[in-house]
Amino acid sequence: MKTSTLDLPRFGAGIGLARTAAIAARLGLDLPVIGRRAVVIAGSNGKGSVARMLSGLFQAAGERTGLFTSPHLHAFNERFELAGEAIADDILRGLEARVGAAIRDHLAEYPGDQACAFEAGFLTALLWFEQAGVERLVIEAGIGGRYDPTRLLQAPLIALVSLDREHMPLLGHTLREVALDKLDVAPPGARLVIGRSFEDERAALAVMADLKPVRPLWVADRYDRSVSDDTLAGHHITVDQRQRGPLRVSTPLHGRFQADNLEVALELFAEARPDLFASGWPGTVTDALARCCNPARMEVLPSGAGDRDGTPGLIIDAGHTPAGIAEAVAGVTTLLDGRPARLLLAISADKPVDDMLDRLAPEFDDVVVSALPGGVPAASLEAAFRQRNPLARLQLAQTAEQAIAAAQKPQDGRVLVGLGGLFWAAALREAWLITHSGA
């Protein structure tokens, strides 16, 4: 299905924990019982990659695994996977009909208490996983922690992947406030695996972890710094776990940040299945991770039949925060290895545009600027970019299709790079695959 059959707003009526719990009860879902089999992945960036890595590891261990992620790129079905396969349209329509009926019944009893799209998707996933007899659930959290619906699972194993300035001031006005909001997705007694980018807030998180209490595991304490060898031919990551030793992984996931994501995924797997983790190091682990992919996250799309010299047609990344953009720029620079690039740029209006441009503008001198529906107008984005890089060559294109066409017209060997956020990455990816499907 291209979109959900439920016409629900992005945000519900106020804090939705009680509402989500009530609708779950109408559906016969016992959230804490389901949560005993769940791992919840929270954080600012990298949640989807960690969730997919972990899902692949559980499947390799023989567990029937359900995966719920958001948002999607091209089709709503992408949010729901069972054993690596996306949900079928007819099954999804049937499940949404049940969830929609429960939401309407709730509204009839509590007028004005409107559910949101994420709450409905979360409950749809749980309903499917329960019907299918899933043994393990890997659930990506929404935008927060304290009031995120995934908190209702009271999962015994939680990840905080990365920290960045996102959804402010909804989650807080400082990085520390955002970090503390994320921490609250963990119930008392949970094991909490915390990624490297939270290190600056360790003292504050440690105090709150003691008060809850939860049991933090800091990956920086378990791993020496990993080594990333990332080229267009493939990405090889060597992590060095201080107790288990080094592990070399080959993955189609590009970007230095994937090394940090990998550390989080490995520690989650070790906590969930210590029996298999020890015996599966390195064979089962490396085999599972070699098959893991996450579209539009530092993805290299080929140019087609004419791509004989190994030059990619388009590199795209869905990073949508300042740190995410910085990581994407670093990853692209590594992959380009000195090749000239042409940036295809559009940014959603609700993002920290100035901070993102501060990281993008110094790195690209040839740019095609576009606009997303509801995004920053192309002319405004062009002017803001030119302020930061007056010497850059800038041109405007209204749509992703037009941006690709304009970027390809100068046959000058520049590699195309699409950055600016998830929705822009999705638009570019879809346009590229359509125009190059017969290449």
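Refer to the structure presented above.
What comes next is a walk through the structure. Every value quoted in this text rests on a predicted model; they were computed, and no experiment measured them.

Taken together, the side chains of Val207, Met208 and Leu211 define a hydrophobic patch exposed on the protein surface, amounting to about 280 Å² of accessible area. Inspection of the secondary structure assignment puts valine 207 in helix α7 (residues 202–211). You can call valine 207 partly exposed: its relative accessible area is 49%.

The interhelical angle for the contact between helix α3 (residues 47–60) and helix α11 (residues 283–290), taken along N-to-C directions, is 130°, at an axis separation of 9 Å. Judged by the inter-axis angle, α3 sits oblique to α11. The way α3 lies across α11 gives a crossing that is right-handed. Each of Met53, Gly56, Leu57 and Ala60 in α3 lies in contact with α11, whose residues at this interface are Thr284, Val285, Ala288 and Leu289. Taken together, the residues of the contact of α3 with α11 break down into six nonpolar, two polar and no charged.

Moving on: the packing of aromatic side chains. Overall, the coordinates contain five aromatic pairs when judged by the stated rule. Here the aromatic rings of phenylalanine 68 and phenylalanine 80 are separated by 5.6 Å at their centres, their planes lie at 35°, and the arrangement is tilted. Highlighted residues: phenylalanine 68 in strand β2 (residues 65–68) and phenylalanine 80 in strand β3 (residues 80–82), separated in sequence by twelve residues. Taking the relative accessible area as the measure of exposure, phenylalanine 80 reaches 0% and is therefore buried. Note on phenylalanine 68 and phenylalanine 118: the rings are 5.8 Å apart at their centroids and 50° apart in plane angle, and the pair reads as tilted. With phenylalanine 68 in strand β2 and phenylalanine 118 in helix α5 (residues 117–131), this pair connects stretches of sequence that are 50 residues apart.

Definitions and cut-offs
- Residues numbered from 1 in each chain as written.
- Predicted model: local features only at pLDDT ≥ 70, side-chain atom pairs only at ≥ 80, totals over all residues.
- Heavy atoms only, no water.
- Patch = residues over 30% accessible without salt bridge, like charges linked within 9 Å, V, L, I, M, F, W, Y side chains within 5 Å.
- Areas by Shrake-Rupley, 256 points an atom, 1.4 Å probe, with all protein chains shown as cover.
- Salt bridge = Lys/Arg side-chain N within 4 Å of Asp/Glu carboxyl O.
- Helix = DSSP H or I, 4+ residues; strand = E, 2+ residues; numbered from the N terminus.
- Buried < 20%, exposed > 50% of the residue type's maximum accessible area, 1.4 Å probe, protein only.
- Axes fitted to C-alpha atoms, helices over the stretch in contact; angles between N-to-C directions.
- Parallel < 35°, antiparallel > 145°, perpendicular 65-115°, else oblique.
- Left-handed = near helix turned anticlockwise from the far one by under 90°.
- Contact = heavy atoms within 4.5 Å.
- Nonpolar A, V, L, I, M, F, W, Y, C, P; charged D, E, K, R; others polar.
- Phe/Tyr/Trp six-rings, centres within 6.5 Å; stacked < 30°, edge-to-face > 60°.

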